[in-house]
Amino acid sequence: MRIFGLSFKVIKTLLTTQYAYMLEYRIEIALWALSGVLPFIMFSLWSQNDVGNTFGLNDIGLARYFLSAFLVRQFSVVWVVFSFEEDSLSGRLSPYLLQPLHPLLRYVAAHLAEQATRLPFALAIAITFFILNPSSFWIPSLPQVFLAYLSTHLAFSIAFLLQSLVAALCFWTEKSSALERLIFVPYLFLSGLLVPLAAFPSNVLKVAMLTPFPYLINFPAKILSGMTVDIFNGFLAQILWISILIPSVNILWKFGVKRYTAMGA
Amino acid sequence: MYRYFKTIRLFWSTAFASQLEYQLNFLIELLAMLGTLLGSVFILSLFFTGGRQLGDWTWESALVIQGVYTFLDGLTNALLRPNLTEIVNYVREGTLDYVLLKPIDSQFWLSVKKFSFAGLPEIILGLSIVFWASIQTGSSFSIYSLSVFIISLFIGFIILYSVWFLIAASSIWFVKTWNATEVLRALLAAGRYPISAYPIILRFIFTLVLPVAFLTTFPAEAILGDLKLHILFFGLMLSSVFFVLSRLFWKFALRHYTSASS
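Residues numbered from 1 in each chain as written. Chains lettered and ligands numbered in written order. Predicted model: local features only at pLDDT ≥ 70, side-chain atom pairs only at ≥ 80, totals over all residues.

(A) How the structure looks around the overall build of chain A. Across its full length, chain A holds 12 helices and 2 strands. Counted from the first residue to the last, chain A has its helices and strands arranged as β-β-α-α-α-α-α-α-α-α-α-α-α-α. In summary, chain A has a C-alpha radius of gyration of 19 Å against a globular reference of 18 Å for 265 residues, a match within 12%. Along the three orthogonal principal directions, the C-alpha set of chain A runs to about 60 × 40 × 35 Å. Each of the 265 residues in chain A was classed as buried or not, and the buried ones make up 39%. Taking as baseline every contact in chain A between residues at least 6 positions apart, the subset at least 24 positions apart corresponds to 78%. (Helix = DSSP H or I, 4+ residues; strand = E, 2+ residues; numbered from the N terminus. Rg over C-alpha atoms; globule rule 2.2 N^0.38 Å. Buried ≥ 20, exposed ≤ 12 C-beta atoms within 10 Å, placed from the backbone. Contact = placed C-beta atoms within 7 Å.)

Structural data, given as structure tokens:
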């Protein structure tokens, strides 16, 4: 069986070596997990100021939404542009390009391994949240968990492809990580990390739904927290964005590699 | 003393020259900054739907806080982030040795070596928002309120610098915890909103444990003429304690520095 043209053995080796590597950086990854507390800060603001009712969420609904948003973010965080820029500037990319393995797939494996390392820390933070807000405790149904899991993976894929697009610009400019800010800013405000999108005025919401960002946090978080959500259209939009982004990354990458000058080598 | 001013001038003029090479960067930062500001003001406006208030702050006075936050964020991007995030690299690569050998205070050298000019527009824009929004609230400035404002901004900056430097300095022992500053940055985002909008426990934490209140809420109260004098004095004491602590901790950390790869 081959996935993305890779044999099962290659995939297993990639994942286990990356996982072993990530395990060495446990403390660092725990701190990254902790730096995702923004949804909790926002939760305390929205519930303290009683704004939830205006968009149809009581305190328990808000708590569940923001905890879900936190979890979705934990498993869809992407940092490929930063590793790629470092590898590109230090010349480490040259050997990767010679291997019969697309360099981006190596970063995919690194991300998946990091998510596995993150899991216990994210769960510990979630348990702490339940201890502080016992009334918000809930166990989502099995189909909910499955659908949320699936949509979080799709969200990760969209985020990864978006950032790979920026990373491929490394072939043209030395500081493409600066460009990443231009994706991060709309992501921060339109993804639903700070507020459920239901709170947006309808004209802003319409514009936001035309971007990929609401499908990165808002959609999976709504499934997980048990809010009513248009599952079919949500998944359709996620798949649509992925099918637009994959060829774009491929084309940009192909042109980029031709310009590669092996810096630092 | 003169020597230090001359060194800063040299540092920043070379920084300016090297950044001229990356003019596109400047443009990107500008765009990102405007986007961030637009987004934050939009999110803030959601709290005020239906004529409500945010922790007894009106819309205009909450904008003053956004202004102060933008100003401090600009200072962070211009001065703190470029310098203090480098410390761990010096430790990891052993190049801290060269810094320690220089005939100038090492904490000074590490804190002002770089200056990112892309942070300047944010600093100017932040201050403009502060003044524009406080005129909108109908408050009038006096020499007194302006000087209290400047002092409280100074207090806020010193606290921010000291906490950040303390964390960065701990990388002498724990190289792997360098991204603890990211946790700090995430918590500082709480400063976009007035401290009275938070639940009691967080209010306590953000005033005494991680003094976010001194960074944005109190300077905003100062320019609006609402800041109580005893808070200002407390802030002066707190910031001095933090600064002295960062200094002592650095001296202590250096005694444990064992150098790397040499």
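(B) Seen up close, the overall build of chain B. Within chain B one finds 13 helices and 0 strands. For 262 residues, the compact-globule formula gives about 18 Å, and the C-alpha radius of gyration of chain B, at 19 Å, lands near that figure. Projected onto its principal axes, the C-alpha positions of chain B cover 65 × 40 × 35 Å. Across the 262 residues that make up chain B, the buried fraction comes to 37%. Taking the intrachain contacts of chain B between residues at least 6 apart in sequence as the baseline, contacts between residues at least 24 apart amount to 82%.

(C) Molecular detail of the interface of chain B and chain A. Counting residues at the interface gives 31 residues for chain B, matched by 28 residues for chain A. Elements with a contribution of two residues or more to the side of chain B that touches chain A: α2 (23–47) and α9 (180–188) of chain B. The element contributing the most residues to the side of chain B that touches chain A is α2(B), with 11 residues. Here the side of chain B that touches chain A is composed, by residue class, of 20 nonpolar, 9 polar and 2 charged. (Nonpolar A, V, L, I, M, F, W, Y, C, P; charged D, E, K, R; others polar.)

(D) Summary view of the packing of α2(B) against helix α3 (residues 59–84) of chain B. Residues and elements named next belong to chain B. Axis separation between α2 and α3 bottoms out at 11 Å; the angle between their running directions is 150 degrees. It follows from the interaxial angle that α2 and α3 lie roughly antiparallel. The handedness of the crossing between α2 and α3 comes out as right-handed. Facing Leu 37, Ser 40, Val 41 and Leu 44 of α2, the residues of α3 in contact are Ala 62, Gln 66 and Thr 70. Within the contact of α2 with α3, the residues separate by chemical class into 4 nonpolar, 3 polar and no charged. (Axes fitted to C-alpha atoms, helices over the stretch in contact; angles between N-to-C directions. Parallel < 35°, antiparallel > 145°, perpendicular 65-115°, else oblique. Left-handed = near helix turned anticlockwise from the far one by under 90°.)

(E) Here's a closer look at unusual backbone geometry. All names here are of chain B. Its identity as a non-glycine residue notwithstanding, Asp 56 has a phi of 55 degrees, on the positive side. If you trace the backbone, Asp 56 turns up in the loop between α2 and α3. On the basis of neighbour counts, which here come to 9 C-beta atoms within 10 Å, the residue Asp 56 falls in the exposed class.

(F) Structural context of the nonpolar core. Residues A:Phe66, A:Ile158, B:Val64 and B:Trp164 are the most contacted members of the largest nonpolar core, which totals 124 residues. If we ignore the near neighbours within four places in the chain, the residues touching B:Trp164 are B:Leu80, B:Leu84, B:Thr181 and B:Leu184. (Core = buried A, V, L, I, M, F, W, Y, C linked by C-beta atoms within 7 Å.)

(G) Focus on the confidence of the model for chain B. Looking at chain B, the pLDDT average stands at 90 and 99% of residues meet or exceed 70. Interface scoring of the predicted complex returns ipTM 0.88; its pTM is 0.91. (pLDDT = per-residue confidence, 0-100.)

(H) Local environment of the environment of A:Ile41. Mapped onto the elements of the fold, A:Ile41 is located in helix α3 (residues 38–48). It is 40 Å that separates the C-alpha atoms of A:Ile41 and A:Ile251, two residues lying 210 residues apart in sequence. Excluding residues within four positions of it along the chain, A:Ile41 makes contact with B:Ala189 and B:Ala190.

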